[in-house]
Amino acid sequence: MAAPRAPLHLVMPVWNRGTRGIRGLSRAVALEGSQKKGRSLLQFLADRFYDVQALREYLLQKQVLKVHQKNRPFTYIKERFGPHAAGAYFILKQGGAVKFQGKEWIRSDAHGHFSLDFLKFQAVPVEAVNASGCAINYQGLDSLLALKELRSLWLQRCPHVDDWCLGRLHPLANSLQELSLAGCPRISERGLASLHHLQNLRRLDISDLHAVSNPGLTRILVEEMLPSCQVLGADWAQGLPSGPDEQSQDKASPIPA
Amino acid sequence: MLRRALQLGLGRGLLGRRLGTHRGGSTLDQNGKMSEIKKKIQSVLPGGAWNPPYDTSYLPPEHSDVVIVGGGVIGLSVAYWLKRLEKPRGAIRVLVVERDHTYSQASTALSVGGIRQQFSVPENIQLSLFSVEFLRNINEYLAVVDDPPLDIQFNPSGYLLLASEKGAAVMESNVKVQRQEGAKVCLMSPEQLRNKFPWINTEGVALASYGMEYEGWFDPWCLLQGLRRKVQSMGVLFCHGEVTRFVSSSSHTETTSGEEVTLKRIHEVHVKIDRSLEYQPVECALVINAAGAWSGQIAELAGVGKGPPGTLQGTKLPVERRKRYVYLWHCPQGPGLETPFVVDASGAYFRREGLGNNYLGGCSPTEEEEPDPGNLEVDHDFFQDKVWPPLAQRVPAFETLKVRSAWAGYYDYNTFDQNGVVGPHPLVVNMYFATGFSGHGLQQAPAVGRAVAEMVLDGHFQTINLNPFHFSRFYLGEKVQEHNII
């Protein structure tokens, strides 16, 4: 039974202008103290008036629908230009970066615009995807799973990637060699257990996972699970009483059982 | 005389003029008028028209449209979907009657919490698929404004079912059905098993089926509390009491073939308050029997099964309590983090629990060894004799282990075909069943709740067709047998 986590201030960003967008959502969780007064007034009103409660529920639903809209599949592009182009378009639309085999990294600029030249490479597979900070969720992974020759996938600080998404990555087992999950707030050790399908994985980054209850022990277990993979982040000495400086700084060495 | 009359007249006149002063006889008139005015105002204002002499807030209401007997995960799921699918909002009054608000004997709280799609009956697979989708989006379905999001701690590790030579053909056909319904299951040979899970001893295993996605285990208590919280915010009333009596009326009609049938309709449910002799008759339109392991007793109270055996009136609800043990042990050299929920061909099962090399497991006893369901005491010899040997044979690392704790829970076991009963009773027209799931009720609860709500509100199933699970199959003898009961 997990202790209840800090409430997601899903409605507050609508009221507080400064917390729009994905980066704003993570800031909204941190700014608890200053928003408590505003929140308690809203709570007071919502407890007493059905209209206010219905309005708040509606705003909550709208937030959820926004994320769904961002993760919709682009079926026309998939039919016309192939799965690789559709996946690349999806990632670029979300604000990430894509690298085709033999080409340079393609990224959208500050305004969200990007060139559509990559639609011409129909048979060229996508090699690497950097979706750090994007609002990709379980539905959005559909577009990524069609990229059969994906070598490296970076999902750092994605707020909606959770254990369910990790359970879905097994179709990429043949090609995926590098996976980074650093800083994802919803991933716990239970999702990491489903990574054992990815037998070709050589680098796995699991640093800064706040939902993991015991990072050091988790890292040891993940290393045992994936013997040929280098697991980064989560120093195994974390949580142990701090000893002298001779504590191993070399994170790549496997721990003998 | 004139003087006296003048005095009296003057006096009254003076009295009349002195209405402004509250002295003497004028006060009496004033008070009477004030109390009359007060009474008038009170009768006009809402509320306060009847003040009971004592507090009755612990009693259920006198009228309720739907009474759900049983507040476990199935009952709460039915309440949730009724409130969610009703049109217009707030149209239906729902009352959930739960005898034990600590859920100390409820199957939900004591469950191992697994969810799988590896069934042989297609309806079971569909129910499980929808339930898993529900769990994945639980924070959208059960979101309550200003409350923290739910973390059901789902482990997406999958189920691994092992089959011996005898069961291999059945397993293959089952996997075909599962794939058709959309479950992601793959078949593995013993060689592949050894490569993937080196800690398994594949002696005696001919085939294995492994669920890749959407299978695993989660925390059922969190689901229960989440449902309870959401359902309370939607306006469902809860009552802490026990159903002791149904007051019903009968009417005789003829069927199309000329037979005489007696149809019953429940009018009132008597709810007895815990630790008291007091009861409240609740007038209701529908009763939903979601009492789990005790559904058989509730059905008997309603008159299901009172008749000559062999007729529809005489067909009882074949759901009874069966006790099942779960043991928690620690094995330092046991299987690693990737361990799925392993179900051996012999019926013994185990799964990992947490990071510390603890494992949960058990085994379903055979018919002859069924323990007495009168209490929830654990028999530790059962572990030594029936659970440990097959598991130690299957996973050699389990030869050294230490049992940390154990508990027992009830299955609402359907003795007919070990599958649920969903839908109305043919003779007691306003009693609906949602029980008898024999150990897989938790994994099907959200979908069953939706199905019952559709039946109640629309009269037929809309999304998943659960007509094969109707009560009449007990009379007609049509078994919907599930081949994978754990």
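Residues numbered from 1 in each chain as written. Chains lettered and ligands numbered in written order. Predicted model: local features only at pLDDT ≥ 70, side-chain atom pairs only at ≥ 80, totals over all residues. Heavy atoms only, no water.

1. Topic: the overall build of chain B
Then, in step 1: A count of helices and strands for chain B gives twelve helices and 17 strands.
Then, in step 2: For chain B, whose C-alpha radius of gyration is 31 Å, the value lies well above the compact-globule estimate of 23 Å for 486 residues.
Then, in step 3: When the backbone C-alpha atoms are referred to their principal axes, chain B occupies close to 130 × 65 × 40 Å.
Then, in step 4: Relative to its full complement of 486 residues, chain B shows a buried share of 52%.
Then, in step 5: If you take every contact in chain B between residues at least 6 apart in sequence, the share linking residues at least 24 apart comes to 75%. (Helix = DSSP H or I, 4+ residues; strand = E, 2+ residues; numbered from the N terminus. Rg over C-alpha atoms; globule rule 2.2 N^0.38 Å. Buried < 20%, exposed > 50% of the residue type's maximum accessible area, 1.4 Å probe, protein only. Contact = heavy atoms within 4.5 Å.)

2. Notes on the overall build of chain A
Then, in step 1: Broken down by element type, chain A carries ten helices and seven strands.
Then, in step 2: Within the span of chain A, comprising 257 residues, buried residues form 48% of the whole.
Then, in step 3: Counting every atom, chain A has about 13600 Å² of accessible surface; 54% of that belongs to carbon and sulfur. (Areas by Shrake-Rupley, 256 points an atom, 1.4 Å probe, with all protein chains shown as cover.)

3. Notes on the environment of A:Q199
Residue and element names in this part refer to chain A.
Then, in step 1: With respect to the secondary-structure elements, Q199 resides in the loop between helix 9 (189–192) and strand 6 (203–205).
Then, in step 2: Along the chain, Q199 and Q177 lie 22 residues apart, while their C-alpha atoms are 8.7 Å from each other.
Then, in step 3: Not counting residues within four places of it along the chain, the set of residues in contact with Q199 comprises L226 and S228.

4. Describing the domain arrangement of chain B
Residues and elements named next belong to chain B.
Then, in step 1: Taken as a whole, chain B is organised into domain 1 (56–154 + 217–318 + 415–485), domain 2 (159–211) and domain 3 (323–411).
Then, in step 2: The C-alpha centroid of domain 3 is placed 30 Å from the C-alpha centroid of domain 1.
Then, in step 3: Listed by partner, the interface residues are eleven residues for domain 1 and 14 residues for domain 3.
Then, in step 4: With both sides pooled, the region where domain 1 packs onto domain 3 buries about 1000 Å², and carbon together with sulfur makes up 71% of that total.
Then, in step 5: On the domain 1 side of the contact with domain 3, L110, V112 and W217 bury the most area, a combined 58% of that side's loss.
Then, in step 6: On inspection of domain 1 and its partner domain 3, the count reaches three residue pairs in polar contact (both at pLDDT 80 or more).
Then, in step 7: For the side of domain 1 that touches domain 3, the class distribution of residues is five nonpolar, six polar and no charged. (Domains from an automatic or database assignment. Buried area = accessible area lost by both parts, 1.4 Å probe. Polar contact = N/O pair within 3.5 Å; in protein donor to acceptor, adjacent residues only side chain to side chain. Nonpolar A, V, L, I, M, F, W, Y, C, P; charged D, E, K, R; others polar.)

5. A short note on the sheet that holds strand 3 (residues 126–130) of chain A
Residue and element names in this part refer to chain A.
Then, in step 1: The strand order across the open sheet built from seven strands is 2-1-3-4-5-6-7, with neighbouring strands paired in mixed fashion. If you trace the sheet from one side to the other, it starts and ends with strand 2 (105–107) and strand 7 (230–232), each paired once. When strand polarity is set aside, the average angle formed by the axes of neighbouring strands in this sheet is 15 degrees.
Then, in step 2: Where strand 4 (residues 152–154) meets strand 5 (residues 178–180), three bridges bridge the pair, whose relative direction is parallel. Pairing of W154 across the sheet is with S180, part of strand 5. (Pairing = 2+ DSSP bridges. Axes fitted to C-alpha atoms, helices over the stretch in contact; angles between N-to-C directions.)

6. Observations concerning the interface of chain A and chain B
A common way to express how large an interface is: the accessible area buried when the components associate.
Then, in step 1: Residue-level contacts link 37 residues of chain A with 30 residues of chain B.
Then, in step 2: Summing the contributions of chain A and of chain B, the shared interface buries around 3200 Å²; its carbon and sulfur component is 61%.
Then, in step 3: Remark: the boundary between chain A and chain B carries two salt bridges.
Then, in step 4: Close ionic contact of A:E57 with B:R89 constitutes a salt bridge, the shortest N to O distance being 3.7 Å.
Then, in step 5: At the boundary of chain A with chain B, the tally comes to three residue pairs in polar contact (both at pLDDT 80 or more).
Then, in step 6: Only helix 3 (32–48), helix 4 (50–70), helix 8 (163–166), helix 9 and helix 10 (215–225) of chain A provide two or more residues apiece to the side of chain A that touches chain B.
Then, in step 7: Here the element with the most residues in the side of chain A that touches chain B is helix 4 of chain A; it accounts for seven residues.
Then, in step 8: Of the residues contributing to the side of chain A that touches chain B, the split by class is 15 nonpolar, 14 polar and eight charged. (Salt bridge = Lys/Arg side-chain N within 4 Å of Asp/Glu carboxyl O.)

7. A closer look at the pairing of strand 10 (residues 279–289) of chain B
All names here are of chain B.
Then, in step 1: Where strand 1 (residues 63–69) meets strand 10, six bridges bridge the pair, whose relative direction is parallel. Bridging from a neighbouring strand, V69 pairs with N289 of strand 10.
Then, in step 2: Both strand 9 (residues 260–273) and strand 10 contribute to a ladder of five bridges, which runs antiparallel. The partner of V271 across the bridge, within strand 10, is Q280.
Then, in step 3: The antiparallel hairpin formed by strand 9 and strand 10 contains five residues in its connecting segment, where R275 sits at a positive phi of about 55 degrees.
Then, in step 4: Both strand 10 and strand 17 (residues 431–435) contribute to a ladder of three bridges, which runs parallel. Bridging across to strand 17, I288 finds its partner in Y432.

8. What about the packing of aromatic side chains?
Given two aromatic rings, their pairing is described by the distance between the two centres and the angle made by the two planes.
All names here are of chain B.
Then, in step 1: Summed over the entire model, instances satisfying the criterion amount to 35 aromatic pairs over all chains.
Then, in step 2: An aromatic cluster of at least three residues, connected via ring pairs, comprises F197, W199, Y210, Y325, Y327, W329, F350, Y359, F382, F383, W388 and F398.
Then, in step 3: Positioned above the aromatic ring of W294, the side-chain terminus of R99 is 5.2 Å from the ring centre. (Phe/Tyr/Trp six-rings, centres within 6.5 Å; stacked < 30°, edge-to-face > 60°. Lys NZ or Arg CZ within 6 Å of the ring centre and 35° of its normal.)

9. What about the UniProt feature "domain: FAD dependent oxidoreductase" (unreviewed entry) in chain B?
Then, in step 1: The positions that UniProt labels "domain: FAD dependent oxidoreductase" (unreviewed entry) are, in the present scheme, residues 65–455 of chain B.
Then, in step 2: Note that residues 65–455 of chain B is 27% helix and 31% strand, and that its end C-alpha atoms are spaced 15 Å apart. (UniProt positions renumbered as here; feature names shortened; annotations may be inferred.)

10. A word on the confidence of the model for chain B
As a general rule, the predicted coordinates of low-pLDDT regions are not to be interpreted in detail.
Residues and elements named next belong to chain B.
Then, in step 1: Confidence along chain B averages 90 in pLDDT terms, with 92% of residues attaining 70 or more.
Then, in step 2: Model confidence for chain B, summarised as mean pLDDT per element, is weakest for helix 1 (residues 2–17) at 52 and strongest for helix 3 (residues 73–85) at 97.
Then, in step 3: The low-confidence segment residues 13–25, where pLDDT is below 50, has four contacts with residues more than four positions distant or belonging to other chains.
Then, in step 4: Among the prediction metrics, the complex's ipTM stands at 0.79, with pTM recorded as 0.84. (pLDDT = per-residue confidence, 0-100.)

11. Focus on helix 10 (residues 380–394) of chain B
Since the α-helix packs 3.6 residues into each turn, any two residues three or four apart lie on the same face.
Residue and element names in this part refer to chain B.
Then, in step 1: With 15 residues, helix 10 should cover 21 Å at 1.5 Å per step; its first-to-last C-alpha distance of 21 Å lies within 8% of that length.
Then, in step 2: The principal kink in helix 10, of about 45 degrees, is found at W388, preceding the proline P389 by one to four residues.
Then, in step 3: Here helix 10 has its buried residues at F382, F383, V387, P390, L391, A392 and R394.
Then, in step 4: Looking at the buried side of helix 10, the elements it contacts are strand 4 (159–163), strand 11 (319–330), strand 13 (348–353), strand 14 (358–363) and strand 15 (402–414). (Expected span 1.5 Å × (residues − 1). Bend = angle between axes of the 7 residues up to and from the residue.)

12. Comments concerning unusual backbone geometry
All names here are of chain B.
Then, in step 1: With an omega dihedral of -5 degrees, the bond running from K87 to P88 counts as a cis peptide bond.
Then, in step 2: The residue P88 is located in the loop between helix 3 and strand 2 (94–98) in this model.
Then, in step 3: The phi torsion at R275 lies on the positive side, around 55 degrees, for a residue other than glycine.
Then, in step 4: Locating R275 in the fold gives a position in the loop between strand 9 and strand 10.
Then, in step 5: Note on R275: relative accessible area 77%, which makes it exposed.

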